[in-house]
Amino acid sequence: MRIVNCKTIALLLLALGLSACGRETYTTWSCTDAAGNKSPLILKKAQMQFQDRQYDYCGSLGPLSYFDLKCPAQIQDSSNIFTTSSGKLISKTNEFRCNEL
């Protein structure tokens with residue numbers, strides 16, 4: 001009887017562990033521009049959702065991560081540059097300060 005209970009518990013733990021693998025991980029940020037306007041930012045897998053648009057991850061150079069609708073040949077030319085360590089986002093010509101939620 002005790003062996004059956006251990007097997008049941010082991011199978012249950014395995015099932016719980018495998019179900020966690022299917023979960024998507026994402027990070028939500030609240031970004032504010034110089035005028036005080038707030039916009040949510042979501043980093044999900046290799047994409048950034050910001051101001052009702054979805055941008056692809058183009059790459060990183062040091063602490064800077066680059067995102068664009070279509071990645072340019074030179075990632076530095078991407079329309080969005082995000083620094084997660086400081087929460088600084090440059091989107092086209094606008095600068096935002098973002099706080100992780």
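Note that the structure is a prediction, hence the values are computed from the model and not measured. (Residues numbered from 1 in each chain as written. Predicted model: local features only at pLDDT ≥ 70, side-chain atom pairs only at ≥ 80, totals over all residues. Heavy atoms only, no water.)

K.L.:
Can you walk me through unusual backbone geometry in this structure?
P.N.:
Among all residues save glycine, negative phi is the norm, and among peptide bonds the norm is trans. Residue Lys-45 is not a glycine yet carries a positive backbone phi of 55°. Structurally, Lys-45 is set in the loop between strand 2 (38-44) and strand 3 (47-50). Judged by relative accessible area, which is 68%, Lys-45 ranks as exposed. Even without being a glycine, Lys-92 presents a positive backbone phi close to 60°. Within the element layout of this structure, Lys-92 appears in the loop between strand 7 (88-91) and strand 8 (94-100). (Helix = DSSP H or I, 4+ residues; strand = E, 2+ residues; numbered from the N terminus. Buried < 20%, exposed > 50% of the residue type's maximum accessible area, 1.4 Å probe, protein only.)

K.L.:
Looking at this model, I keep getting lost on the pairing of strand 5 (residues 64-68). Mind explaining?
P.N.:
For strand 5, the tally of buried residues reaches four of five residues, placing the bulk of the element in the interior. Relative to strand 5, strand 4 (residues 53-61) runs antiparallel, the two being bridged by five bridges. Looking across to strand 5, one finds that Tyr-57 is bridged to Phe-67. Hairpin connection, strand 4 to strand 5: the antiparallel pair is bridged by two residues, and Gly-62 has positive phi, about 60°. As paired elements, strand 5 and strand 6 (residues 80-83) share four bridges and run antiparallel to each other. By the bridge assignment for strand 6, Tyr-66 is matched with Ile-81. (Pairing = 2+ DSSP bridges.)

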